[in-house]
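# Chains, contacts and geometry: an overview
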Amino acid sequence: MAAPVVSIVIPVYNVESYLSETLESACAQTLRGIEIVCVNDGSDDRSPDILRQWADRDPRVKVVDKDNGGLSSARNAGIAHSCGDIVMFLDADDRLVADACEKVVAHFAKSQADIVTFGATCFPAGMASQHLVECLSPRDAVYHPFSERLLFEEHSRPYVWRSAFKRNFIEVNGLSFPEDISFGEDQVFYFEAYPNASTIVLASDKLYEYRIDRGGSMMDEAVVDRSKLVVKHIEVAERILDVWQRNAWFEKHGWQTLGWLVEFVSLDLAGVPDGPRAPLVERFGRSLHEVIPDESILEKMPFGKATRKVIRWLMGTPDASAPGKALLIRFYVERRGFGQCVRRAVQAFGERNAR
């Protein structure tokens, strides 16, 4: 076989009910020059047998067996065992549209991009929220070079399966998925990959089909317990703060990422009871102190009054108390803007009434 142009990395763990459908969509690509790297992450159902059957049927299917290590570990193993010039990711219960790889290759050839981020549809039809539909609907745009607008004003994340990456870009920048966190690993990857890229293409093409009716996912489990969810959010925020601080990206690109991370943690953190909340505030505050060593720096940052008050509380400033509902509302409106808050409230009201 000739060297593949595209490597499709599929992490596989106990997905026997969906796996054949996923592999069928990968093998049916109009671009023939692909390899399909399936990482069996210690499955104990029929998934390994299904993988072997498909590998026997199509020589482009490569099976990598490993002990269970989680999604990030499986994706990293898939990258290591792949050899295509372009790396894509496909979750083992989702599908690619038939010409996904062909269109991705065309976008790379036209733009010489490091990353191409495309759109997706949800199935079964009619089950996705309007917010999710919008999230998976990027406009056509090119960022050269990176700007924080890509992260916060575009539909460009958080799911890494809706992006393709040049292998050389991954290798030169030492990019990998964090294996010691089990939630939000895609966010961490994007917040490191995008700032390293010289050219990023957003494509409105809907090339991916995202299954949203599978229960028992990591996201389902995380939202059950707010305290556990906050811990996971802090883990994600700590990792992003660390990589942005080490690369001096706050100074180079702006402070919107810091504001987003504070919002990402604090809104749920404020709802945790006082007892378990105190050590979580202290933990996140330590990370913020690395970025904001003294309050004079905070005063120079482009944040509103409510955001500064929340940051002071997180950093343990002596005269800062835990935010009440009024401050949290002002903080949320300050972060999102009044218009967006109203629009989200109307969407949520409509979706509740439609159920």
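The notes below deal with the structure included here.

Quick notes on the rules
In this numbering scheme, every chain counts its residues from 1 along its sequence in written order. Restriction of local features to residues with pLDDT of at least 70 applies here, the model being predicted, together with a cutoff of 80 or more for giving and counting side-chain atom pairs; totals for whole chains, interfaces and linings are based on all residues. For side-chain calculations, the full set of non-hydrogen atoms in the structure is used, while hydrogens and water are omitted. Type-normalised accessible area, obtained with a 1.4 Å probe on protein chains alone, sets the label of each residue: buried when under 20%, exposed when over 50%, and partly exposed for intermediate values. The way it works is that DSSP assigns letters per residue, a run of H or I at least four long becomes a helix, a run of E at least two long becomes a strand, and they are numbered from the N terminus. Any two strands between which DSSP finds at least two bridges are classified as paired. Stacked, tilted and edge-to-face are the three classes assigned to paired rings of Phe, Tyr and Trp, where Trp is represented by its six-membered ring and a pair needs centres within 6.5 Å; plane angles under 30 degrees give stacked, over 60 edge-to-face, the rest tilted. In this scheme, the term charge over a ring applies when either NZ of a lysine or CZ of an arginine sits within 6 Å of the ring centre and within 35 degrees of the ring normal. Note on contacts: a residue pair is in contact if any heavy atoms of the two residues lie within 4.5 Å. What a helix is expected to span follows from its residue count: subtract one and scale by 1.5 Å. Nonpolar core, defined: a set of buried Ala, Val, Leu, Ile, Met, Phe, Trp, Tyr and Cys residues in which side-chain atoms within 4.5 Å join the residues together. What makes a salt bridge here is a side-chain nitrogen of Lys or Arg within 4 Å of a carboxyl oxygen of Asp or Glu, nothing more. Where helices are involved, their axes are fitted lines through C-alpha atoms of the stretch in contact, as for all axes, and angles between N-to-C directions lie from 0 to 180°. By definition, any crossing whose near helix is turned counterclockwise from its far helix by less than a right angle is left-handed, and any crossing with a clockwise turn is right-handed. Side-chain classes follow a simple rule in which Ala, Val, Leu, Ile, Met, Phe, Trp, Tyr, Cys and Pro form the nonpolar group, Asp, Glu, Lys and Arg form the charged group, and the remainder, Gly included, forms the polar group. The cut-offs work like this: below 35 degrees is roughly parallel, past 145 is roughly antiparallel, 65 to 115 is roughly perpendicular, and the gaps in between are oblique. Seen with its strands pointing away from the viewer, a crossover is right-handed if its path from the first strand over the helix to the second goes clockwise.

With that out of the way, let us pick up the pairing of strand β4 (residues 86-89). Every second residue of β4 is oriented toward a common face, with I86 and M88 on one face and V87 and F89 on the other, all of them buried. Direction of pairing for β4 relative to strand β8 (residues 163-166): antiparallel, over a ladder of three bridges. Bridge pairing links I86 to K166 in β8.

This paragraph deals with the packing of aromatic side chains. Taken as a whole and judged by the stated rule, the model has 17 aromatic pairs. Each ring, one from F165 and one from F189, has its centre 5.3 Å from the other, and the planes form 85°; the classification is edge-to-face. In this pair, F165 sits in strand β8 while F189 sits in helix α8 (residues 185-196), placing the two residues 24 residues apart along the sequence. Exposure class is identical for F165 and F189. Each is buried. Taking the ring centre of F89 as reference, the NZ or CZ of R75 above it sits at 5.9 Å. The side chain of K166 reaches across the aromatic face of F108, ending 5.9 Å from its centre.

Turning our eyes to something else, we now look at helix α3 (residues 71-80). With eight of ten residues buried, α3 is to be regarded as a mostly interior element. Considering only its buried residues, α3 is in contact with β1 (6-12), β2 (34-41), β3 (61-66), β4, α7 (167-172) and α8.

Time to look at helix α4 (residues 100-111). Helix length check: α4 (twelve residues) gives 17 Å between terminal C-alpha atoms against 16 Å at 1.5 Å per residue, within 8%. The first or second residue beyond α4 is Q112, which carries a positive phi of 55°.

Next up on the list: the nonpolar core. Grouped together as the largest cluster of nonpolar side chains are 109 residues, with contacts concentrated most on I8, I36, F165 and L258. Per-element tally for this core: the top contributor is helix α10 (residues 226-246), with eight residues. Apart from the residues lying within four places of it in its own chain, the contact partners of I8 are A26, Q29, I34, E35, I36, V37, M88, L90, L96 and C101. By size, the runner-up hydrophobic cluster in this structure holds five residues, among which are V39, V64, A74 and A77.

Turning next to the pattern of salt bridges. Scanning all chains against the criterion turns up 23 salt bridges. Between E35 and K62 there is a salt bridge; the shortest N-O distance is 3.5 Å. Here the residue E35 occupies a position in strand β2, and K62 occupies one in strand β3, the gap between them amounting to 27 residues. Residue classification places E35 among the buried residues on the basis of a relative accessible area of 6%. R75 is the salt-bridge partner of D186, the closest N and O atoms lying 2.5 Å from each other. On the criterion of sequence distance, the pair formed by D186 in helix α8 and R75 in helix α3 is long-range, its members being 111 residues apart. Linked by salt bridges that have partners in common, E21, R95, E209, R211 and D213 make up one network.

So, about the packing of helix α12 (residues 256-269) against helix α16 (residues 325-336). Between α12 and α16, the least distance of the axes is 11 Å, while the angle of their chain directions is 145°. Both α12 and α16 take part in a crossing whose hand is left-handed. Mapping the contact onto sequence places Q256, G259, W260, V262, E263, S266 and L267 in α12 and L328, F331, Y332, R335 and R336 in α16. Taken together, the residues of the contact of α12 with α16 break down into six nonpolar, three polar and three charged.

This part covers the environment of K325. The topology assignment puts K325 in helix α16. Put simply, K325 and A270 are 55 residues apart on the chain and 9.1 Å apart in space, counted from C-alpha to C-alpha.

Below, the discussion takes up the packing of α12 against helix α15 (residues 305-314). Axes are the key here: two packed helices are described by the angle between their axes and the distance separating the axes. The N-to-C vectors of α12 and α15 enclose an angle of 75°; their axes lie 11 Å apart at closest approach. On the basis of the axis angle, α12 is roughly perpendicular to α15. Of the residues in α15, those in contact with V262, S266 and L269 of α12 are V310, I311, W313 and L314. Classifying every residue of the contact of α12 with α15 gives six nonpolar, one polar and no charged.

When you tally the buried positions in β1, you get seven out of seven residues, the bulk of the element. Where burial is concerned, the two faces of β1 agree: the one with V6, I8, I10 and V12 and the one with S7, V9 and P11 are both buried. When β1 meets β2, the two strands line up parallel, connected through seven bridges. Note that in β2 the partner of I10 across the bridge is C38. Once the chain exits β1 it traverses helix α1 (residues 19-27) before rejoining the sheet at β2, and the crossover so formed is right-handed. Where β1 lies against β4, four bridges are found, and the strand directions are parallel. From the neighbouring strand, V6 faces β4, where its bridge partner is I86.

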